[in-house]
Amino acid sequence: MKPDEGQGLWLGFAGVAIFALTLPMTRLAVGTPEAPQLSGVFVATGRAVLAAALSVAFLLATRVPLPRRGDWLPLAVTSTGVVLGFPLLSSEAMRHVQAVHASVMIGVLPLATAAMGAWLHRQRPSAGFWTCAAIGSALVLGFAIVRSGHGGLSLQPADLLLLAATACAAVGYAWGARLSQRMSAEQVICWALVIALPVTVPAAWLTRPQTPLQATAWWGFAYVAVFSMWIGFFAWYRGLALGGTVRVSQVQLAQPFMSMLFAVPLLGESLDGLTLGFAVAVIITVFVGKRMPVRAVE
């Protein structure tokens, strides 16, 4: 392994460790149907506004030039995926599902990220890779159906939101990693946050809380704004750029387990055998899939 790849893996793991707390902290911020706190829209857009304010200060302090003309579209795609799409969809879902449950639902994110990265870099994943991707997706859907409690082949709206959030994250991760090969990781997430301000500022203002809330909700909001939405991406995008999207995205294998471990003490959630079993099955599938060959397109 080259030195850059090793450093990329460590930075990727640091990013994943920060992201692993995102679902539990989002659950704290939005509350439950019985005890609602901040709205999902406010958590998603408000955290982006706060992180964008930090980004403006960073860009001004470091005197970063404007992105090149060809970088604006990739930045917009990145912003749509990780600044708007994933935060909004996951925040709306987290009021209705436990963090342990959500951790399993997004367990196929490493394969989704690798697939998107392969497409962007004109690589061709093998049949074994796609087989593992299909099995992993089937396991996630099966888990959602078993947990739906309706006895039929149906998914809860929150599960559909989490699946859509996973797709958004994969797109944002892969495009952001591509940009990080010619821009610093810090610039990528900062500009992605700044260009989203015309959307996030009015949305956050219109959905701001009107009544006093629990302090834990604000602590959860502060974490996802500063760490999940900003600092975590510094490490994550730099890791993807140094080590390669396909390789470094495998460290996401640890994220579901870490999220579950955080959710138990933070939220008082329980980790039963069925949930753990599905999580292990998904992680094994992703691990095998990540070891399947990915060839460059001639």
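Here the structure is shown first, and the text comes after it.
This text gives an overview of the structure that appears in the document.

1. Focus on the overall build of the chain
Inference 1: Of regular secondary structure, the chain possesses 14 helices and two strands.
Inference 2: What you see for the chain is a C-alpha radius of gyration of 18 Å, in line with the 19 Å of a compact globule of 298 residues.
Inference 3: For the chain, the C-alpha atoms occupy an extent of roughly 50 × 45 × 30 Å along the three principal directions.
Inference 4: Residue burial in the chain is summarised as follows: out of 298 residues, 51% are buried.
Inference 5: For the chain, contacts bridging at least 24 residues in sequence account for 88% of all contacts bridging at least 6.
Inference 6: Accessible surface for the chain amounts to roughly 13000 Å². Of this, 68% is attributable to carbon and sulfur atoms.
Inference 7: Across the chain, the 18 positively charged side chains and the 10 negatively charged ones have centroids separated by 9 Å.

2. Regarding the layout of surface pockets
Left-over empty space is what a probe sized like a water molecule reveals as it rolls over the atoms.
Inference 1: Quantified by volume, the largest pocket comes out at close to 280 Å³.
Inference 2: Lining the largest pocket we find 15 residues, and of these His96, Val97, Gln98, His101 and Arg147 sit closest to its centre.
Inference 3: When residues of the lining of the largest pocket are traced back to their parent elements, those giving at least two are α5 (99–105), α7 (127–148) and α8 (157–179).
Inference 4: Its residues placed into classes, the lining of the largest pocket shows five nonpolar, seven polar and three charged.

3. Overview of the packing of aromatic side chains
Inference 1: Evaluated as defined, the whole model comprises 14 aromatic pairs.
Inference 2: Through a chain of ring-to-ring contacts, the aromatic side chains of Phe19, Tyr173, Phe233, Trp236 and Tyr237 assemble into a single cluster.
Inference 3: Over the aromatic face of tryptophan 175 sits the side chain of arginine 178, whose NZ or CZ is 5.7 Å from the ring centroid.
Inference 4: Lying across the ring of tryptophan 205, arginine 208 places its NZ or CZ 3.7 Å from the centre.

4. Observations concerning a nonpolar patch on the surface
Inference 1: A surface patch of nonpolar side chains, amounting to about 510 Å² of accessible area, comprises Val264, Leu271, Leu276, Val280, Ile284, Phe287 and Val288.
Inference 2: Top contributing element to the nonpolar patch by residue count: helix α14 (residues 273–290), with five residues.
Inference 3: Secondary-structure assignment places valine 280 in helix α14.
Inference 4: In this structure valine 280 comes out as partly exposed when scored by relative accessible area, which is 33%.

What counts, and at which threshold
Residues numbered from 1 in each chain as written. Predicted model: local features only at pLDDT ≥ 70, side-chain atom pairs only at ≥ 80, totals over all residues. Heavy atoms only, no water. Helix = DSSP H or I, 4+ residues; strand = E, 2+ residues; numbered from the N terminus. Rg over C-alpha atoms; globule rule 2.2 N^0.38 Å. Buried < 20%, exposed > 50% of the residue type's maximum accessible area, 1.4 Å probe, protein only. Contact = heavy atoms within 4.5 Å. Areas by Shrake-Rupley, 256 points an atom, 1.4 Å probe, with all protein chains shown as cover. Lys, Arg positive; Asp, Glu negative; His and termini not counted. Charge placed at Lys NZ, Arg CZ, Asp CG, Glu CD. 1 Å grid on protein atoms, 1.4 Å probe; cavity = no way out; pocket = protein on both sides within 12 Å on 5 of 7 lines; lining within 4 Å. Points joined across faces, edges and corners; volume = space filled by probe spheres on them. Nonpolar A, V, L, I, M, F, W, Y, C, P; charged D, E, K, R; others polar. Phe/Tyr/Trp six-rings, centres within 6.5 Å; stacked < 30°, edge-to-face > 60°. Lys NZ or Arg CZ within 6 Å of the ring centre and 35° of its normal. Patch = residues over 30% accessible without salt bridge, like charges linked within 9 Å, V, L, I, M, F, W, Y side chains within 5 Å. Salt bridge = Lys/Arg side-chain N within 4 Å of Asp/Glu carboxyl O.

Take it as geometry only, folks, not as evidence of what the structure does.
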